[in-house]
Amino acid sequence: EVQLQASGGGLVQPGGSLRLSCASSDLNLYSYAVGWFRQAPGKGREVVATIDSGGSITNYVDSVKGRFTISRDNVKNMVYLQMNSLKLEDTAVYYCNVVRVRWPRVHASNAWGQGTQVTVSS
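Residues numbered from 1 in each chain as written. Predicted model: local features only at pLDDT ≥ 70, side-chain atom pairs only at ≥ 80, totals over all residues. Heavy atoms only, no water.

(A) Region of interest: the pairing of strand E11 (residues 116-120). Only one face of E11 is buried, namely the one carrying Thr116, Val118 and Val120, since none of Gln117 and Thr119 on the opposite face is buried. Bridge analysis of strand E2 (residues 10-12) against E11 gives three bridges, and the strand direction is parallel. Paired with Gly10 across the strands is Val118, a residue of E11. Sheet topology note: the strand E9 (residues 92-102)/E11 ladder contains three bridges and is antiparallel. Paired with Tyr94 across the bridge in E11 is Thr116. (Buried < 20%, exposed > 50% of the residue type's maximum accessible area, 1.4 Å probe, protein only. Helix = DSSP H or I, 4+ residues; strand = E, 2+ residues; numbered from the N terminus. Pairing = 2+ DSSP bridges.)

(B) Representation of the pairing of strand E5 (residues 46-51) within the structure. Among the six residues in E5, five count as buried, and that is most of the element. Judged from the five bridges that link them, strand E4 (residues 33-39) and E5 form a sheet pairing that is antiparallel. Across the sheet, Trp36 pairs through a bridge with Ala49, a residue of E5. Hairpin connection from E4 to E5: six residues lie between these consecutive antiparallel strands, with Gly42 at a positive phi of about 80 degrees. In this sheet, strand E6 (residues 58-60) lies alongside E5 in antiparallel orientation, the contact comprising three bridges. Along E6, the bridge assignment pairs Ile51 with Thr58. Where E5 hands over to E6, the hairpin turn is made up of six residues, of which Gly55 adopts a positive phi near 80 degrees.

(C) Structural view of the sheet that holds strand E8 (residues 78-83). An order of E1-E3-E8-E7 is seen for the four strands of this open sheet, with the pairing classed as antiparallel. Unpaired on one side and paired on the other, strand E1 (5-7) and strand E7 (68-73) mark the two borders of the sheet. The mean inter-strand angle of the sheet, taken between neighbouring strand axes irrespective of direction, is 20 degrees. As judged from the three bridges shared by E1 and strand E3 (residues 18-23), these two strands associate in the antiparallel manner. When the sheet's bridge partners are listed, Ser7 is paired in E3 with Ser21. (Axes fitted to C-alpha atoms, helices over the stretch in contact; angles between N-to-C directions.)

(D) Seen up close, unusual backbone geometry. Cis geometry is found at the peptide bond from Trp103 to Pro104, where omega equals 10 degrees. Relative to the elements of secondary structure, Pro104 occurs in the loop between E9 and strand E10 (105-108). Even without being a glycine, Ser85 presents a positive backbone phi close to 50 degrees. Tracing the backbone through its elements, the reader meets Ser85 in the loop between E8 and E9.

Here it is, written out as structure tokens:
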């Protein structure tokens, strides 16, 4: 099955920054909108941000707006999530996936790749 792979997570202090990367070896991501999602232990997966195929239209959940930036480099076939001013509540496993978006409605592929752990702690 086709899966996108997220990477770049780690441990960071409150107020710190991380940049997550999303890649696919068998999809030309320039043809797809992509979303970042996160899931804390015992909680459901929630959408964080989306970006259209051309990189022109972005959407963010209110809790990260102004702090996170989603972007893409279609030449490198990569999508990124720059996370600044991180808070304790941002702690979660982060995933990326191809999506169809009519914000706030987001439909993701059923094929989920490995997530990357982001832990915000002092």
